[in-house]
Each structure stands twice: as C-alpha cells, then as structure tokens.
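What follows is the residue order along each chain.
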Amino acid sequence: MTINELQDEIIEEFELFEDDWEGKYEYIIDLGKKLAPLAEEFKTDENIIKGCQSVVWLNARFENGLVIFEGDSQAIIVKGLVNMLLKVLSNHSPTEILNADLYFIEKIGLTSHLAQTRSNGLASMVKQMKTYALAYQSLEK
Amino acid sequence: MKLDINKIRHDFPILEQSINGKKLVYFDNAATTQKPSVVIEALKNYYEGYNANIHRGIHHLAEKATAAFEATRKTVKSFLNANSIEEIIFTYGTTDSINLVAGTYGRKFINAGDEIIISTLEHHSNIVPWQMLCEEKGCILKIIPINDEGEIILEEYEKLLSPKTKFVSVVHVSNALGTINPIKTIIDKAHAVGAKVLIDGAQASSHLDIDVQALDVDFYALSAHKLFGPTGMGVLYGKKELLEAMPPYRGGGEMIKEVTFEKTTYADLPYKFEAGTPNIADVVAFKFALDYIQNIGKTNIAAYENELLAYATEKLESIEGLTVIGKAKEKVSVISFVLEGIHPQDIGIILDQQGIAVRTGHHCTQPLMQRLGIPGTARASFSVYNTFEEIDALVAGILKVKKLLS
C-alpha cells in the first residue's frame, strides 16, 4: 500500500470515534500495547528523539531499497502514536518518505500531539524519520 | 475571613471556558497563574491611554507613564517590605534576576576556589547561572541534599558551610514538590560564615508573606506572572550596599549618568540595572495584580489554599496505586504524584481530554527527579480561584486515567 492509502485506512478507522475521545484513546493505547518493544540493543542514546517529554526511541535500517523503522516509548499513548507513524512510514522507499504529506494526524484530531512544544515531540520524530530517508536516498545515488 | 470563591472566579475571565467540551479545571498555577480583569484592563488602558517612553520625555503621556511605572516600584517595595525603592530592580523574571546576580555580584566577588551552595530542590534557573559562573571563574558548586520527604537536610547544609562559602542560593518553595524551606535559618547560618544569600521566590511569592528586612536576605527574586501579573516581568530585591558595590549588568540607555567615548558614568540605583526601554506596560499592570492580592489578603489566600491542599492530599492518597511525591511538613498548595505503572505524560494527556490542566514531566528540576529516582511526576497546583469541586473532578479524572491505562 502507498503511504496515502495507509493514512486513509487510519482515518477510516478513527471515523468510528468521532465525539468519543475515550474510544479514540483506548484505540491508541491498544496500538501502544500492540507495538513490539524495541530490542534493548537499539535503546541507545543516539536513538532517542530529542524534545519529547517521555523517552522515545527510533531505530532505522535500509533493506532492499526500503527504509525499515522501529520505535518505542516509555509512555503508552506516545507509543501508540509511534506505532501509527511506523505503520504509515516504515517499509517505503526514501523518496516516498521524503515526499510524504502526513495529513492523517490532523484528520483524526491529534494535531496537538504534533505541536512544536517541548512536551509533544512527535514532530521531532517525523523530522528524524525524514532525515534517515534523506541519508539513505544519498546512499542510493 | 471566609472568601467568596465564586466572586473571585468571576475576576478571572479565562476560567469561564470549556476544553474538549468539559469545564476547564486549571491546576497548573505553579507554572503560571491566570490574570484578573483588573490586570488585563490595566494593560489595555496603558496602551490606549498613556503609552510613552518613561523617565525622559517631558510631555504629558511620558509623565503619566513614568508615574505609573514608579508606582509599581513603591507597591513592590511594600509587598516585600524593602527598606527603599532603590532596592527594587525590575527584571524580565526570576531567571533574569538570578542571572543578574550571578553575572555581576558573582563575577566581581566570587573567585577561583570559592564555594557556592545551592540545594537539590533547585529549578534549573537557580542551577545553570551558578554552573556558568563556576565554569568561568573556577569556583565550586556544593549541593545541599534532601531527605525522602523532599526536605532540605539542615545538618548537611551546616557541614557544607565554611569560610570558603561565598554565596548561598536556595529556593524558598520547591516548584516541583511544594516544600517550604526554612530560609531564615539558611540565611542566618550563611551570614555566620560571611556568605551572601539569594532566595528564589518564584514559587513562594504567591503563597507566603515575604519580609526581606525580617529575613535579612541579601537578594530575593520573583516573577510577576506567578502572582497574577503579566509574563516577562520580574523583580530583584537587593540590599542597597550590595547593589551599589555591584557593576552594571547590561549596558545601554537608561542606566547611564553621562556617556563620552572615553568614559561612561552609571546612573544611580535602581536605574543602573535597568538598561534600555523596560517592559513598561507589564510593570504598570503588575501593580494592579499586587493590589488585587492585598485586597483579598495574603493570609486569607494562604488559609484557603491550605484547605485545598489538605483536601486534595486526602482524596488523592485514597486512590490505589497513587503515590504523593514530596511530603514535607511545611508545604504550599502543590501536589506532585505518580501512578503505579503509568507514565506521567499519559496521565497528563488523559486529564487534558477531560479539561483538566496539570503539569507533567520533570518540572525543570532534573537533578531533583534523579535524586527521587523517577522520570517525572504529574503536578496539580492550586490557586485561590480553585474549588473543592475541581479537586473532585481531578480525582474522577485520575480514576479515568487508571481505567484507560491499566
């Protein structure tokens, strides 16, 4: 599936929770619980995303022309949000990731989690994912 | 005196709103307090009626603005019971006040091998300026340890004091835990070895009576925005003889007596430390915040806040899996807590969905969190406009957090 198809799928799932914040957060918490923990060897200082209130780790590798992301967080809601970002951006080519316009976050009403405040550092996570994509793209050339 | 809290709430327009469809419960007062209409009106009146640059203009507006600006200084003087208006320096806030002292008194009078004492409870703003000074001058930073309740251990403080101690800088009230420190004892013991003392009053000034003369404190710093006043404005109280001995902090207009390219002489106190056009509107409006506090009465405010704290402590401690962090005998209305197995950020997000504003994280006190062995806490801090019903809403909100996250 393309990045946009994956985003549309998430948007569709969240349509169930319009006006039901509890349902929405239960769903995100569930996504957090379902995300396999990152292997301890990848929970390094270099993999920590700066600017998050809880510790968020992001690990990336490049396989067969695709960028594979793995992530984790100490906070379960953040971990759920990380899971969504991984679903959308992992397993795509560097070019696709660099060109991605992540409209799903606004559509599902979670913009506050992407805000550029020191406590909500998911914007930093997206930026870091794109930085990895850029680095792998230059490897390809 | 029994306060009419409903009437007080009406003085704060921001409180009458809903967040995520729920009535706003504002429990982040330790970060900043909301502003009463009198302060908001004062800002508006200043810009609509008499905005002008102060101290120099001879026209009507400049005179009116200058008078209002200086009226705030007089009010601050009595608020702190300072000896003279020359001892009241306007700054951009507590952080700026501390940097001023470290950057002038510190740079002039503290030298290599000298010791500065702070405590484990300090906010980063009372750590970093001293670390910067120590890096520059080669002086040494010593830290007073705390016990598990979050109280300074006075015996350990006494052990740190010596003729090498040149400066002690301690917070009056911990922003993270609410602990009230025994500052009179801390000041007296520092003076006994010849050290000067700065007290960081950012958190204390809205809750406690402050009498700088009775305390015999050398410097006292506070921020207007934690006292129902505007942001970007604060105060440094300093003893006159110390301020006179200190070099200026920033160079520029307003702080000079005479300038030639060969030599500049500096203005008298307090203007020596107020270079450039100050934050006139916010200084002017701050007087209205202090008058507002005086009208309600600080003792009345403190008594009511203590009732809120006692009620909240009892209610929160009855929640299974909740631990209150910071159990000092002397506390202001700040309650920090953790929930077993739940990250503070998750607590904050779910409470926010219910319209409840608390602070989560390390509260700019990372070394304190390291000492307590936790990544952070959720912190509810109460002001005079908060109610017992709002605390009930917090309790219900926490139970919802537990339900969703356990």
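It should be emphasised that the depicted structure is a prediction, and the values quoted were computed from it without experimental measurement.

Rules behind the numbers
Residues numbered from 1 in each chain as written. Chains lettered and ligands numbered in written order. Predicted model: local features only at pLDDT ≥ 70, side-chain atom pairs only at ≥ 80, totals over all residues. Heavy atoms only, no water. Contact = heavy atoms within 4.5 Å. Buried area = accessible area lost by both parts, 1.4 Å probe. Salt bridge = Lys/Arg side-chain N within 4 Å of Asp/Glu carboxyl O. Polar contact = N/O pair within 3.5 Å; in protein donor to acceptor, adjacent residues only side chain to side chain. Helix = DSSP H or I, 4+ residues; strand = E, 2+ residues; numbered from the N terminus. Buried < 20%, exposed > 50% of the residue type's maximum accessible area, 1.4 Å probe, protein only. Pairing = 2+ DSSP bridges. Axes fitted to C-alpha atoms, helices over the stretch in contact; angles between N-to-C directions. Domains from an automatic or database assignment. Nonpolar A, V, L, I, M, F, W, Y, C, P; charged D, E, K, R; others polar.

Chemist: With reference to specific residues and values, describe the interface of chain A and chain B.
Modeler: The interface is formed by 16 residues belonging to chain A together with 15 residues belonging to chain B. Taking both sides of the interface into account, the surface hidden between chain A and chain B amounts to around 1,400 Å²; carbon and sulfur atoms contribute 57%. Looking at the side of chain A facing chain B, the largest losses of area belong to A:Trp21, A:Glu22 and A:Gln53, adding up to 40% of the total buried there. Counting across the chain A and chain B interface gives 2 salt bridges. Between A:Glu22 and B:Lys403 there is a salt bridge whose closest N-O contact spans 3.3 Å. Between chain A and chain B we count 6 residue pairs in polar contact (both at pLDDT 80 or more) in total. At the level of secondary structure, the elements contributing two or more residues to the side of chain A that touches chain B comprise α2 (21-34) and α3 (76-89) of chain A. The element that contributes the greatest number of residues to the side of chain A that touches chain B is α2(A), accounting for 6 residues.

Chemist: Can you tell me about the environment of B:Lys22, naming the residues and giving the values?
Modeler: All names here are of chain B. With respect to the secondary-structure elements, Lys-22 resides in strand β2 (residues 22-23). We classify Lys-22 as partly exposed; its relative accessible area is 29%. Residues Lys-22 and Gln-354 lie 332 residues apart in sequence; the distance between their C-alpha atoms is 6.0 Å.

Chemist: Describe the sheet that holds strand β14 (residues 334-339) of chain B, naming the residues involved and giving the relevant values.
Modeler: All names here are of chain B. Sheet architecture is open: 4 strands sit in the order β13-β14-β17-β16, paired in antiparallel fashion. Edge positions in the sheet fall to β13 (322-325) and β16 (359-361), since each has one partner strand and no second. Put simply, the sheet's adjacent strands are angled 30 degrees from each other on average, direction ignored. When β14 meets strand β17 (residues 377-381), the two strands line up antiparallel, connected through 4 bridges. Counterpart to Phe-337 in the pairing with β17 is Ala-378. Together, β14, β16 and β17 form the strand contacts of helix α12 (residues 344-353), whose direction differs from that of β16 by roughly 155 degrees.

Chemist: Describe the domain arrangement of chain B, with residues and values.
Modeler: Size of an interface: often given as the accessible area lost when the parts come together. All names here are of chain B. One can read the domain layout of chain B as domain 1 (5-30 + 297-405) and domain 2 (40-294). Each of domain 1 and domain 2 was reduced to a C-alpha centroid, and the two centroids are 28 Å apart. Counting from both sides, the interface comprises 36 residues of domain 1 and, opposite them, 33 residues of domain 2. For the pairing of domain 1 and domain 2, the buried interface totals around 2,800 Å² over both sides, and the portion due to carbon and sulfur atoms is 57%. The largest share of the area that domain 1 buries against domain 2 comes from Lys-298, Val-332 and Arg-371, three residues that together contribute 25% of it. Here Glu-151 ties to Lys-329 by a salt bridge, and the two come within 3.7 Å at their closest N and O atoms. Inspection of the domain 1/domain 2 interface yields 20 residue pairs in polar contact (both at pLDDT 80 or more). When residues of the side of domain 1 that touches domain 2 are traced back to their parent elements, those giving at least two are α11 (298-317), β14 and α13 (366-372). Examining the composition of the side of domain 1 that touches domain 2, we find that 6 residues originate from one element, α13, more than from any other. When its residues are assigned to classes, the side of domain 1 that touches domain 2 shows 18 nonpolar, 9 polar and 9 charged.

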